[in-house]
Amino acid sequence: MGLFLNMGNDNFAEFSKTKYFVDKSSLINKLLQKDITEKFICNSKARRFGKSVTADMLVAYFSKGADSRELFAPLACVKDTLFVESMNAYDTIFVDIQAQFKEASDARAEPNQYIRSNLLRELIQTYPHLISGEMTLVAALSTIYDKTGNRFVIIFDEWDYPVRELGAEDPDRKAYIEMLRGLFKSNAAKSFIRLAYLTGIMPIVRTKGQSAVNNFREYTMADSGDLGQYIGFTENEVSALCRKWGVDYVRMKEWYNGYNLNGIAMYNPLSVIGALLTNKFRPYWTVTGTYGDIDELIGRDFDGLRERIITMLSGNRVSVEVDNGINDLQTFIDKEQVITALIHLGYCAYDEKTQEAYIPNKEIYAVFYKSVKKSSNDGLSQFMRLSDKILDAVLAGDGEQTARLIQCVHHDFTSSIAYHDENSLSCTVMIALISAFSSYHRPIREFPAGKGFADLVYLPRTNQPGCPVLVVELKWDKSADAAISQIKRRQYPVSLKEYAGEILMVGIDYDKKTKEHVCKIELLEKK
């Protein structure tokens, strides 16, 4: 049992005994069922989505260095003939690429040669009479297969670290790409590899410089294929954990739900487990990451990026073309690539059906809000000051000032929002009131109230008991008075009495002839 070749099952065994363990062992059945043309797999997901745990599980299952029959016996994987025959049947190589590059740096060694030497050393220990240290890694693996018939499972965790972190001309990155090309693109590799499984964050970009991995079937945050449910926690899994440990599932969903992988609602495991451990709902995953990621990305000076970030921050969605994404986090050329990177990093979610990006949940929303509020991008900071003024005008009951400032937002976002109906007006108002996030929950559209549905409702946070509920009714070519009348006639405030001592009724009308907004605000005190 080595550090790289045929590791044991200790890591996965320990993890499977934790009280918040979620069984994802059915992934193994899924991988075993794939035919020979699908044995090169790259599963790229956002940080802390369980990629490394999955890699440990695959090592525990495939590695000759372990006996995992008892470990997998109680798990959900189907123990059919193929499963039993394949368990602990393959020479399994596991490399944490990021860790190896950092170790090589500490040792002042060339990282790719460092990795090659480590792997060859353990291969020679296992097959001393077949290979030597003068061989290339591919030659050694090919020789072992030719002489013994033994095939290899190769698992690289954080495979994309050199690609996303090093510049395109960096010699270590170029050497790494060449290593991948030799290992996975040779004709010999088609024979000696049983399964190649790469995990990373960013997608494979099919350019000439990265052709080393263009034979891999890729699964990402934008296209998870049939493996979406195996990385991260599903809604049913989170619901079961909440029931088991007595945690409020509704709040768990509000804070951490929102990712949609091939139609399946997914959660970040780190955030869910953090809330289960403490029974407190707050940012967990984003604390472990770097705010610098999002700060640097949203501050890029690309035409239309500011409008899209603000539109998503308001609770709306934006269309995005993800096929032209990059994976080095450095050479962006337009807003589409920036938003695509945000999707792969987990800061935005992606709906494959509508091809739209959005901010998935309360945890991520808080990060965006903080970043935009403190952004060095003049356009973002100026807009946040405008939104502050609009919220102040609403709370002061100043309908005239509110309408005038919303008019400014409308002009600013005409390229992003086509004004056709009350839904378009709703998007504009949500954008205008982004600053409400500091004191209010995200706005609720079509809130069931009284004898109908209020267009928008802003509910104060529990730590803001002095803030009034905002009930917003929108009209198109009618009048602001008509909007206020509808709030009263349909008794929307009746359903909101439990939320606040005061309710502000906000009626907004848009006249498509004059292209102007009119706003009326009335205070309804709780009796």
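Before any of the text, the structure's been laid out above.
Residues numbered from 1 in each chain as written. Predicted model: local features only at pLDDT ≥ 70, side-chain atom pairs only at ≥ 80, totals over all residues. Heavy atoms only, no water.

Student: Explain the pairing of strand β8 (residues 264-267) here, please?
Tutor: For a regular strand, side chains alternate in direction, first toward one face of the sheet and then toward the other. Direction of pairing for strand β6 (residues 233-234) relative to β8: antiparallel, over a ladder of two bridges. Among the inter-strand pairings, F233 is bridged to a residue of β8, identified as Y267. As defined by bridge partners, strand β7 (residues 259-261) adjoins β8 across three bridges and the pair is classed as antiparallel. Across the sheet, the residue bridging to L261 is I264, located in β8. (Pairing = 2+ DSSP bridges. Helix = DSSP H or I, 4+ residues; strand = E, 2+ residues; numbered from the N terminus.)

Student: It is not clear to me how the environment of G65 should be interpreted in this structure. Could you clarify?
Tutor: The topology assignment puts G65 in the loop between α3 (51-62) and α4 (69-72). Linking G65 and L5, residues 60 residues apart in sequence, is a C-alpha distance of 8.0 Å.

Student: Help me understand the sheet that holds strand β10 (residues 349-351), please; the structure alone is not making it clear to me.
Tutor: For sheets, the rule is that strands pair by backbone hydrogen bonds, running either parallel or antiparallel. Pairing in this open sheet of three strands is antiparallel, and the strands run β9-β11-β10 from one edge to the other. Two strands bound the open sheet, and with one partner strand each, they are β9 (318-319) and β10. Sheet topology note: the β10/strand β11 (residues 356-358) ladder contains three bridges and is antiparallel. Opposite Y350, over in β11, you have A357 as the bridge partner.

Student: Is there a simple way to think about the packing of helix α12 (residues 235-245) against helix α13 (residues 249-256) in this case?
Tutor: Helix-helix packing: each pair is described by the crossing angle between the helix axes and the interaxial distance. Their axes nearest at 10 Å, the elements α12 and α13 cross at an angle of 140°. Judged on the interaxial angle alone, α13 and α12 are oblique. Crossing hand, α12 versus α13: right-handed. Taken together, the residues of α13 that come into contact with α12 (itself represented by E235, V238, S239 and C242) are Y249, M252 and K253. Looking at the contact of α12 with α13 residue by residue, the classes come out as four nonpolar, one polar and two charged. (Axes fitted to C-alpha atoms, helices over the stretch in contact; angles between N-to-C directions. Parallel < 35°, antiparallel > 145°, perpendicular 65-115°, else oblique. Left-handed = near helix turned anticlockwise from the far one by under 90°. Contact = heavy atoms within 4.5 Å. Nonpolar A, V, L, I, M, F, W, Y, C, P; charged D, E, K, R; others polar.)

Student: How should I be thinking about the packing of helix α7 (residues 111-126) against helix α8 (residues 137-148) in this particular structure?
Tutor: For the pair α7 and α8, the least separation of the axes is 10 Å and the interaxial angle reads 25°. One finds that α7 runs roughly parallel with respect to α8. For the crossing formed where α7 meets α8, the hand is left-handed. The segment α7 lies against α8, with R116, L119, L120 and L123 engaging L137, A140, L141 and I144. Residue composition of the contact of α7 with α8, by class: seven nonpolar, no polar and one charged.

Student: When you look at the nonpolar core in this model, what are you seeing that I'm missing?
Tutor: One finds F72, L342, I343 and F368 to be the most contacted residues of the largest nonpolar core, which totals 111 residues. Ranked by size, the runner-up nonpolar core spans 40 residues in total, among them F4, C42, V95 and I144. (Core = buried A, V, L, I, M, F, W, Y, C linked by side-chain atoms within 4.5 Å. Buried < 20%, exposed > 50% of the residue type's maximum accessible area, 1.4 Å probe, protein only.)

Student: Whenever I open this one, the side chain of E122 confuses me. Can you help?
Tutor: Inspection of the secondary structure puts E122 in helix α7. Setting aside anything within four residues of it in sequence, one finds E122 in contact with G2, L3, F4 and L5.

Student: Quick question: what am I supposed to make of the pairing of strand β12 (residues 444-449) here?
Tutor: In this structure, β12 lies alongside strand β13 (residues 452-458), joined through five bridges in antiparallel fashion. In the strand pairing of β13, I444 is matched with V457. In sequence, β12 turns back onto β13 through a hairpin of two residues, with G450 there showing a positive phi of about 55°.

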